[in-house]
Amino acid sequence: MDGSYIEAEGVYPVREDTLLLLSALEMAMGGSPSGKYLDMGCGTGLCSMAARKAGWRVSSADRNP
């Protein structure tokens, strides 16, 4: 991702664990042009955005609006 997102107050920020998950997600997608991705506790939505950008159908949820 290019870092073009906004972190809202009270939302879990992008940290090392988010970047680790993002790396694992990109490897798991393996260049596949489609799939489904469910992001529970999505925080900033960085991983959701990466999956959507890759062409996957994405559903995201977080307890913080």
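Structure: see above.
Residues numbered from 1 in each chain as written. Predicted model: local features only at pLDDT ≥ 70, side-chain atom pairs only at ≥ 80, totals over all residues. Heavy atoms only, no water.

Visitor: Is there a simple way to think about the environment of alanine 8 in this case?
Guide: Here alanine 8 is to be found in the segment before helix H1 (16–29). Along the chain, alanine 8 and threonine 44 lie 36 residues apart, while their C-alpha atoms are 7.8 Å from each other. (Helix = DSSP H or I, 4+ residues; strand = E, 2+ residues; numbered from the N terminus.)

Visitor: So what exactly am I meant to see when it comes to the layout of surface pockets here?
Guide: Over the atoms, a rolled probe matching the size of one water molecule traces out where space is still vacant. Empty space within the largest pocket amounts to approximately 210 Å³. In this structure, the largest pocket is lined by 16 residues; those nearest its centre are Tyr12, Thr18, Leu21, Gly41 and Cys42. Elements that contribute at least two residues to the lining of the largest pocket include exactly H1, strand E1 (36–40) and helix H2 (46–53). (1 Å grid on protein atoms, 1.4 Å probe; cavity = no way out; pocket = protein on both sides within 12 Å on 5 of 7 lines; lining within 4 Å. Points joined across faces, edges and corners; volume = space filled by probe spheres on them.)

Visitor: Explanation requested: the state of the cysteines in the structure shown.
Guide: Linking two cysteines covalently via their sulfur atoms produces the bond known as a disulfide. Scanning the model with the defined rule gives zero disulfides in all. Between cysteine 42, a cysteine without a disulfide, and cysteine 47, which holds the nearest cysteine sulfur, the sulfur-to-sulfur distance is 9.6 Å. (Disulfide = S-S within 2.5 Å.)

Visitor: Can you walk me through the environment of serine 59 in this structure?
Guide: Residue placement: serine 59 occurs in strand E2 (residues 57–61). Among all residues touching serine 59, those that are not within four sequence positions of it are Tyr37, Leu38 and Asp39. (Contact = heavy atoms within 4.5 Å.)

Visitor: In this structure, what is going on with the pairing of E2? I would like to understand it.
Guide: Side-chain direction in a regular strand flips from residue to residue, so the side chains alternate between the two faces of the sheet. For E1 and E2, the ladder comprises five bridges, and the chain directions are parallel. Directly across from leucine 38, in E2, lies its bridge partner serine 59. Of the crossover connections in this fold, the one passing from E1 over H2 to the parallel E2 is right-handed. (Pairing = 2+ DSSP bridges. Right-handed = clockwise from strand over helix to strand, strands pointing away.)

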